[in-house]
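Spelled out from the first residue to the last, the chains are:
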Amino acid sequence: MDDKMECSSEEKKPDTDGGEEGSGEGSTKSPSRTPADLVEGPESKRGKIESEGGSSSSSKFKKRSSSGRRNYRKTSKDDSSSSEESAPHNESKGRQQLSEDSSSDLDALNICLGNDRLSSSTSSSSSSSSTSGPDSPSGLDRLKLSKSEISDGHHDDEEEQPVVLLKNKPSHKWHMAQEITARQYGTSSKSQVPKLFTDRFYGSRHAVERLELMYKLEDHNGCVNALHFNESGTRLVSGSDDLRVIVWDWAIGKKYLAFESGHRSNVFQTKFMPGSNDTLIATCARDGQVRLATLSSTGACRGTRKLAEHNQSVHKLSVHPECPEEILSAGEDGMVYNIDLRQSTAKKMVVVRENTRKVPLYSISSHPLDQNEFCVGGRDQFIRFYDKRFPKQIVKKFKPQHMNEPKASCQVTCATYSYNGAEILASYNDDDIFLFDTRHSDGADYVHRYEGHRNSATVKGVNFFGPRSEYVVSGSDCGHIYFWDKETEAILQFMHGDENGVVNCLEPHPHVPILATSGLDEDVKIWIPSYEEAPALAELKQTVISNTKCRLDERSGNAESFDGQMLWFLWRQIRRSNATRRDRLRAQMATENSEGEGEGEVGNMISSSSDDGDDADSDGDDDDDEPRAARVQCSPS
């Protein structure tokens, strides 16, 4: 390992940008760590992640041990660091010789790499990337070898390097020693020094790359579809397919309050109302209702009431700090309601249409600095902007220009504003994530595109991360969480975020670099920047290639409607929902009827509920005929 790093250092000096003290390539790791060691750059420590604690658990997520050692980051099954240490010394010499002699033929390449076939080097690219990597010249040239450069015709099946992995990562701009010194002595900035210190760390590449799983918040009995921090960031509210709403004291990892939402089907959104001192929580669900829960100061729910009801599912709500009494809701019936808590009835503000067809809506977001502007997205390619003062006319529409083709069937699953409203981020079903400049005119194309993830199975969210929206974060059908740099579009972080395979919700903390996520698992995961090493991203290449292949197969019609994992999950959820429904029917009939009559009616209803299990995921409007407890947020397609 030491010899290999010395050879790679002759080709290109390791990146020491960002004030990281990663000197001494090839030296062994000292047992005592200094504060400067905690901010070493990823380029100088790529591939050195150690498996601490010696746990052999098969769980994909490991919690903090009692000794405080951080041993719960998910690592690759094939330890890249151990494979590099066992590699022969002549391989590093061969790579150095290959970089110096660009005219070497294919036989020389095979001899230098110690492989009989060039394609075999592809399988070990994840382990060798820790020393050469896509960012170094030698690694980049090796991974960019195209089929036309291979003359013997034996390597037609070689996988090309995904373009997103070739993008340059931003340099480090956060220096721990300098920032601590500035915090102690003060700065000339008008901002308060403690807040400035926190914001700079929050927006640093270091904070993103050191994120790891802190713990899980477990109490739900179904998929968790909604997450939202309060204004101070001390409480987190979640909504689930089990029809319950839970308020968490996430800092200690415990439940603060749980109550029944009053909905008849999957809860899709939960929001703390601004200015309410965390006593009002708005919710929406698949049953089309928008409800408001009132909490007491002692931690009890006083009750819930219905504010409005759409004809179909309602996926998103929007609230604005300047209008603490108003709620905007968007439903699959194409309607946007303006709900004023001071009035008894909700106002139908917008009916979204494309020509004469209603557009089902999956997302709504309010401009953070303009209380009158909001945008919606749904079952077509457009992001539409409206003004509440003139709701009958569209201010402007955006969509990627390549979606003008007649066969394009992509749909917007989520759209959200940046911290100042200058940009808007849109995630498209069966496509990538696109960033638009809201200052551009009507019909403008996107300015950035973020690739590598997969958005097909569920209605996924997307969000900015950082106090100035420096990064883009999204879940994926592969069960991972992706972080992109907003400007360079490079993937900076890649974490396994869901054991059942899909990450749907991502909620950044409003003040500190902490992330809450949820998906098909029945828990909420809290991520903090406490890991000591930079991410190895060992499985990133193969995962991105697999996501791209699945997307292409689905577009060409070669893919099945559901893969095996999704079918297994749906089958398990249907069985669980039927069992929950039977329990609720027994309890309901026992209270309404006599004991003798109740048994007969309950038996008939239970038998009928088991027969209609195949209709559990239908899109009908009669929610009472559907299983209540656990249902996936269905794909828009």
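Residues numbered from 1 in each chain as written. Predicted model: local features only at pLDDT ≥ 70, side-chain atom pairs only at ≥ 80, totals over all residues. Heavy atoms only, no water.

S.K.: Explanation requested: the overall build of the protein chain in the structure shown.
M.R.: From N to C terminus, the protein chain includes 14 helices and 30 strands. For the protein chain, the residues scored as buried account for 53% of the 637 residues in total. Restricting the contact set of the protein chain to residue pairs at least 6 apart, pairs at least 24 apart contribute 58%. Counting only carbon and sulfur atoms, one obtains 46% of the accessible surface of the protein chain, whose full area is about 29,000 Å². (Helix = DSSP H or I, 4+ residues; strand = E, 2+ residues; numbered from the N terminus. Buried < 20%, exposed > 50% of the residue type's maximum accessible area, 1.4 Å probe, protein only. Contact = heavy atoms within 4.5 Å. Areas by Shrake-Rupley, 256 points an atom, 1.4 Å probe, with all protein chains shown as cover.)

S.K.: Which parts of the structure should I look at to understand unusual backbone geometry?
M.R.: A negative phi angle is the norm for most residues apart from glycine, just as the trans form is the norm for most peptide bonds. In this model, N355 sits at a positive phi of 65°, which is unusual for a non-glycine residue. Along the chain, N355 falls in the loop between β14 (353-354) and β15 (357-358). Notably, L537 is not glycine yet its phi reads approximately 55°, a positive angle. Within the secondary structure, L537 is located in the loop between β30 (523-529) and α12 (540-556). By relative accessible area, L537 is classed as buried at 14%.

S.K.: Just checking my understanding: could you explain α12 for this structure?
M.R.: In an α-helix, one full turn covers 3.6 residues, which means residues spaced three or four apart are oriented alike. The end-to-end C-alpha separation of α12 is 24 Å, in line with the 24 Å expected for 17 residues at 1.5 Å each. Taken as a whole, α12 has its buried residues at L540, K541, T543, V544, I545, N547 and R551. (Expected span 1.5 Å × (residues − 1).)

S.K.: Which parts of the structure should I look at to understand the sheet that holds strand β3 (residues 236-240)?
M.R.: Across a sheet, paired strands are connected by hydrogen bonds in the backbone, their directions being either parallel or antiparallel. Here four strands make up an open sheet; going across it, the order is β2-β3-β4-β5 and the pairing antiparallel. With one partner strand each, in any of the chains shown, β2 (224-229) and β5 (254-260) form the two edges of the open sheet. Pairs of neighbouring strands in the sheet enclose a mean axial angle of 20°, with direction left out of account. As paired elements, strand β4 (residues 244-249) and β5 share six bridges and run antiparallel to each other. Opposite I246, over in β5, you have A258 as the bridge partner. (Pairing = 2+ DSSP bridges. Axes fitted to C-alpha atoms, helices over the stretch in contact; angles between N-to-C directions.)

S.K.: In this structure, what is going on with the side chain of S204? I would like to understand it.
M.R.: Examined against the element boundaries, S204 turns out to sit in the loop between α10 (193-202) and α11 (205-209). Excluding anything up to four places from it in sequence, S204 contacts W174 and Y471.

S.K.: Explain the environment of A415 here, please?
M.R.: The topology assignment puts A415 in strand β20 (residues 412-417). Overall, A415 belongs to the buried group, its relative accessible area being 3%. With 37 residues separating them in the primary sequence, A415 and G378 have C-alpha atoms 9.3 Å apart.

S.K.: Would you take a moment to explain the pattern of salt bridges for this structure?
M.R.: Pairing of side chains with opposite charge becomes possible as their charged atoms draw close. Across all of its chains, the model carries 28 salt bridges by this definition. A salt bridge links E309 to K306; its shortest N-O distance comes to 3.0 Å. Through salt bridges with shared partners, one network takes in D219, D242, R244 and K255. (Salt bridge = Lys/Arg side-chain N within 4 Å of Asp/Glu carboxyl O.)

S.K.: Where do I start with the nonpolar core in this structure?
M.R.: The nonpolar side chains of a soluble globular protein tend to be buried, and buried together. Core analysis: the biggest nonpolar cluster contains 17 residues, and L425, V472, W484, I491 and L540 have the highest contact counts within it. Elements represented by at least two residues in this core include exactly β22 (433-437), β24 (462-465), β26 (480-485), β27 (491-496) and α12. Among residues more than four places away in sequence, those in contact with I491 are V164, L165, K169, E451, Y482, F483, W484, L537, L540 and V544. (Core = buried A, V, L, I, M, F, W, Y, C linked by side-chain atoms within 4.5 Å.)

S.K.: Help me understand the environment of K254, please; the structure alone is not making it clear to me.
M.R.: One can find K254 in strand β5. K254 gets classed as exposed once you look at its relative accessible area, which sits at 53%. For the pair formed by K254 and D219, sequence separation is 35 residues and the distance between their alpha carbons is 9.3 Å. For K254, the residues in contact, after removing those within four places along its chain, are L217, W248 and D249.

S.K.: Honestly, the packing of aromatic side chains in this entry has me stumped. Any pointers?
M.R.: Aromatic ring pairs are reported here in terms of the distance separating the ring centres and the angle at which the planes meet. Scanning all chains against the criterion turns up 13 aromatic pairs. An aromatic cluster is defined as three or more aromatic residues linked by ring pairs; in this entry it consists of F385, F398, Y417 and F436. In this structure, K396 packs its charged tip against the face of F385, placed 5.8 Å from the ring centre. We note K397 situated over the ring of F382; from NZ or CZ to the ring centre the distance is 4.1 Å. (Phe/Tyr/Trp six-rings, centres within 6.5 Å; stacked < 30°, edge-to-face > 60°. Lys NZ or Arg CZ within 6 Å of the ring centre and 35° of its normal.)

S.K.: I would appreciate a short explanation of the sheet that holds strand β9 (residues 301-309) in the present structure.
M.R.: Spatially, the four strands line up as an open sheet ordered β6-β7-β8-β9, and their pairing is antiparallel. Only two strands of the sheet have a single partner each, and these edge strands are β6 (267-272) and β9. The mean angle between the axes of side-by-side strands here comes to 20°, regardless of whether they run parallel or antiparallel. Summarising the sheet, strand β8 (residues 289-295) and β9 pair through seven bridges and their orientation is antiparallel. Note that in β9 the partner of V290 across the bridge is A308.

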